[in-house]
Amino acid sequence: MFTKSRPLNVLIDACLINISFVLSYVMRYDWQWFREIGFEARLSDYWPIQLTFTLTLLVLYQLDGVYANRRAPSWLDQMYAVTNGTAKGVIIVLAFIFIFRPLTYSRLLILQAGVITIILLGVARWTRGLIEARLRRKGIGVARVLIVGAGELGRAVMRAIVARPELGYQCIGFVDDDPERGATNIGRFLALGSLGCLPDIIGRRAVDDVVITLPWSAQPKIMQVMRLCETHRVRVH
């Protein structure tokens, strides 16, 4: 899935940033939108600024959590981080131009490149979200989830997983130390036994994520489950 391939995401963003810069150059020098310019400049004259623009944005995106490994983040959350990083990047590049005064520069070109970057990255993330949601509904890229605890909170997590298939989670069942809960299925959700069955379940059923819904009063059990998940390299929530 796209969200798991950070290098691919960075590469796509780098390409879109450079496309934005080129489009901004065309708008500024060929079409001369918004404001006429009295001198000619080749795109190659801008390569130091273009490189600085690209690297600055990618570094700021990393710092602002654009590439954080979150499952199915909302489009608005993604765009907030992208817009915030882009705005700061534009300011930094304009400061770079002000300090070093390159022979060829246009401040409006940088501002336009920032706006186009936000638009292109927004369209790319919207499209990627649609593709990922459709694939997950077909069972592609779905994470297998085990619920620890079948109380009200555990049942709420199960209902949420069913209600949001686009998140890409499949609940394989639950465990609970209560003898009745641990042996009684809840609708489509399988009762897989007590917490003592966890090592065997994780090994046999290819569990990707474990969601702990035990009350805080069961802290020793919670810590035990967390250590077990760490040993088996399973994500725990």
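In every chain, residue numbers begin from 1 and rise along the written sequence. With pLDDT at 70 or above as the cut-off, local features in this predicted model cover only qualifying residues; side-chain atom pairs require 80 or more to be listed or tallied, and sums for whole chains, interfaces and linings still use all residues. Derived side-chain values reflect all non-hydrogen atoms in the structure, with water molecules and hydrogen atoms excluded from consideration.

Draft legend 1. Representation of the packing of aromatic side chains within the structure. In summary, the pairing rule links any two rings of Phe, Tyr or Trp, Trp by its six-membered ring, whose centres are within 6.5 Å, and it sorts them by plane angle into stacked for under 30 degrees, edge-to-face for over 60 and tilted for everything else. Overall, the coordinates contain seven aromatic pairs when judged by the stated rule. Taking the centre distance of 6.1 Å and the plane angle of 65 degrees together, the rings of F21 and Y46 count as edge-to-face. Remark: Y46 occurs in the loop between helix 1 (6-31) and helix 2 (47-63) and F21 occurs in helix 1; sequence separation between them is 25 residues. A 1.4 Å probe rolled over the protein chains alone gives each residue an accessible area, and that area as a share of the maximum for its type sets the label: buried under 20%, exposed over 50%, partly exposed in between. Judged by its relative accessible area of 0%, F21 falls in the buried class. On the accessibility criterion, Y46 (0% relative accessible area) is buried. Measuring from centroid to centroid gives 5.8 Å for F21 and F53, while their planes differ by 55 degrees, and the two rings are tilted. Of the two residues, F21 is situated in helix 1 and F53 in helix 2; the sequence distance between them amounts to 32 residues. Note on accessibility: F21 and F53 belong to one class, buried. Through a chain of ring-to-ring contacts, the aromatic side chains of F21, Y25, Y29, Y46 and F53 assemble into a single cluster. Helix and strand definitions follow DSSP, with helices as H or I runs of at least four residues and strands as E runs of at least two, each counted in order from the N terminus.

Draft legend 2. Local environment of helix 7 (residues 219-231). A helix is expected to span 1.5 Å multiplied by its residue count minus one. In this model, helix 7 (13 residues) spans 18 Å end to end at C-alpha, consistent with the 18 Å of a helix rising 1.5 Å per residue. Along helix 7, the residues classified as buried are I222, V225, L228 and C229. Around the axis of helix 7, the buried residues are gathered within 125 degrees of arc, so they sit on the same side. Away from its buried face, by an angle of more than 90 degrees, helix 7 presents the exposed residues P220, Q224, R227, E230 and T231. In the core, the buried residues of helix 7 are packed alongside strand 1 (143-148), helix 6 (198-204), strand 3 (209-212) and strand 4 (235-236). Where helix 7 terminates, the next one or two residues include R233, which has phi positive at roughly 55 degrees. The reported arc concerns the directions from the helix axis to the C-beta atoms and nothing else. For this analysis, residues touch if any pair of their heavy atoms sits within 4.5 Å.

Draft legend 3. Seen up close, the nonpolar core. The term nonpolar core refers to a set of buried residues drawn from Ala, Val, Leu, Ile, Met, Phe, Trp, Tyr and Cys, joined through side-chain atoms within 4.5 Å. The biggest cluster of nonpolar side chains holds 26 residues, and the ones touching the most others in it are F21, Y46, I49, F53, Y61, L109 and I110. Of all elements in the fold, only helix 1, helix 2, helix 3 (75-100) and helix 4 (107-137) reach the threshold of two or more residues within this core. Broken down by element, the residue count for this core peaks at seven residues, all from helix 1. Discounting chain neighbours no more than four positions away, the residues touching F53 are I17, F21, V90, V93, I110, A113, G114 and T117. The next biggest cluster of nonpolar side chains, apart from the first, holds 19 residues, and it includes V148, L195, L198 and A218.

Draft legend 4. Local environment of the sheet that holds strand 1. Pairing between strands is defined by DSSP: at least two bridges between the two strands are required. Here four strands make up an open sheet; going across it, the order is 2-1-3-4 and the pairing parallel. Bordering the open sheet on either side are strand 2 (169-175) and strand 4, each of which pairs with just one other strand. Here strand 1 runs beside strand 3; their pairing, made up of four bridges, is parallel. Across the sheet, residue V148 finds its bridge partner in strand 3, namely I212. Where helix 7 meets the sheet, its contacts fall on strand 1, strand 3 and strand 4, and the angle it forms with strand 3 comes to roughly 175 degrees. Note on geometry: axes are C-alpha line fits, over the in-contact stretch for helices, and angles between N-to-C directions span 0 to 180 degrees.

Draft legend 5. Layout of the state of the cysteines. The criterion for a disulfide is a pair of cysteine sulfur atoms lying within 2.5 Å. As enumerated under the stated definition, the model contains zero disulfides in all. For the unlinked cysteine C171, the closest cysteine sulfur is that of C229, found at 14 Å.

Draft legend 6. Quick look at the packing of helix 1 against helix 2. Relative orientation of the contacting elements helix 1 and helix 2 amounts to 140 degrees, with a least axis distance of 10 Å. Judged by the inter-axis angle, helix 1 sits oblique to helix 2. Two packed elements cross with a definite hand, and for helix 1 against helix 2 that hand is right-handed. The segment helix 1 lies against helix 2, with R6, V10, D13, A14, I17, N18, F21 and V22 engaging I49, Q50, F53, T54, L57, L58, Y61 and Q62. Residues belonging to the contact of helix 1 with helix 2 are distributed by class as follows: 10 nonpolar, four polar and two charged. Angular relationships are summarised with four words: roughly parallel below 35 degrees, roughly antiparallel beyond 145, roughly perpendicular across 65 to 115, and oblique for the angles in between. By definition, any crossing whose near helix is turned counterclockwise from its far helix by less than a right angle is left-handed, and any crossing with a clockwise turn is right-handed. Under the scheme applied here, ten amino acids are nonpolar (Ala, Val, Leu, Ile, Met, Phe, Trp, Tyr, Cys and Pro), four are charged (Asp, Glu, Lys and Arg), and all others, including Gly, are polar.

Draft legend 7. Structural view of the confidence of the model for the chain. Values of pLDDT, the confidence the predictor places in each residue, fall between 0 and 100. When the pLDDT values of the chain are averaged, the result is 87; 95% of them are 70 or greater. Across the chain, the element-wise mean pLDDT spans from 87 in helix 6 up to 95 in helix 2.

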